[in-house]
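A look at the structure
Listed below, chain by chain, are the residues.
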Amino acid sequence: MPSYLSSADAASSYDAYGCLVSFNLLAHAHNTCLRHAIGELRRSYPRATVPYADYFAAYLEILGDAPCLGFEGGVAPRRARCGAGGPYNFVSGRLCGAPGTTVCPDPSGRVSWDGIHMTQHTYGVMAELLYRRGLACPVPAKLPRQKDCPPRQ
């Protein structure tokens, strides 16, 4: 998200996706612990449904395949649609709607609306990835063209 990206200066802070390495490591560690805890819950309560949605993997897929998913290419997926300038169109303290910020009438080409929140199009793509492409298991409802969940561990 642009709000996080604008907080680092060193080029070594970023990965191949243009994301902050330290935040990605934290997200990966969190998800590893979360999957382990969910596995424990599923073993302890076999009749309960304990879902898991890999929001992080979905977000990385959006960044890695932005043009094919209906987003602008290049650095645009990392820039806020509404903002106050700078490399990510995000300046803390000058949020969307403040004097001097820009607003685009069609936010659908960007992942982030204001540097903090995703656009409507991004939420739609996230839902598609989570519910139909197997990044959420089990899903709350069986949908057409949905991948099956991997076997329970």
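Our focus in this paragraph is the overall build of the chain. For the chain, the helix and strand inventory stands at four helices and two strands. Listing every helix and strand of the chain by position from the N terminus yields α-α-β-α-α-β. Here the contacts in the chain between residues at least 6 apart in sequence split such that 50% fall between residues at least 24 apart. Of the roughly 9100 Å² that the chain leaves accessible, carbon and sulfur atoms contribute 61%.

As a further point, take helix H2 (residues 21–44). Under the 1.5 Å per step criterion, the end-to-end length of H2 is 35 Å for 24 residues, consistent within 8% with the ideal 34 Å. Among all positions of H2, only Asn24, Asn31, Ile38, Gly39 and Arg42 are buried.

Another aspect to go through is the nonpolar core. Grouped together as the largest cluster of nonpolar side chains are 18 residues, with contacts concentrated most on Ala58, Ile62, Phe71, Val125 and Leu129. Mapped by element, the contributors of at least two residues to this core are helix H3 (55–64) and helix H4 (120–132). The biggest single contributor to this core is H3, with five residues. Dropping the residues within four chain positions of it, Leu129 is found in contact with Ala58, Glu61, Ile62, Gly134 and Leu135.

Moving on: the confidence of the model for the chain. In low-pLDDT regions, the fine details of the predicted coordinates are not to be read closely. In the predicted model, the chain carries a mean pLDDT of 82, and the fraction of residues at 70 or more is 87%. Confidence, expressed as mean pLDDT per element, reaches its minimum in the chain at helix H1 (residues 2–5) with 70 and its maximum at H2 with 93.

Here the focus is the packing of H3 against H4. Running from amino to carboxyl end, H3 crosses H4 at an angle of 120°, the nearest separation of the two axes being 10 Å. Put simply, H3 runs oblique to H4. Relative to H4, H3 is oriented so that their crossing is right-handed. Side by side, H3 and H4 meet where Tyr55, Ala58, Tyr59, Glu61 and Ile62 of the first sit next to Thr122, Val125, Met126, Leu129 and Leu130 of the second. Looking at side-chain class alone, the contact of H3 with H4 contains eight nonpolar, one polar and one charged residues.

Cut-offs used in this document
Residues numbered from 1 in each chain as written. Predicted model: local features only at pLDDT ≥ 70, side-chain atom pairs only at ≥ 80, totals over all residues. Heavy atoms only, no water. Helix = DSSP H or I, 4+ residues; strand = E, 2+ residues; numbered from the N terminus. Contact = heavy atoms within 4.5 Å. Areas by Shrake-Rupley, 256 points an atom, 1.4 Å probe, with all protein chains shown as cover. Expected span 1.5 Å × (residues − 1). Buried < 20%, exposed > 50% of the residue type's maximum accessible area, 1.4 Å probe, protein only. Core = buried A, V, L, I, M, F, W, Y, C linked by side-chain atoms within 4.5 Å. pLDDT = per-residue confidence, 0-100. Axes fitted to C-alpha atoms, helices over the stretch in contact; angles between N-to-C directions. Parallel < 35°, antiparallel > 145°, perpendicular 65-115°, else oblique. Left-handed = near helix turned anticlockwise from the far one by under 90°. Nonpolar A, V, L, I, M, F, W, Y, C, P; charged D, E, K, R; others polar.

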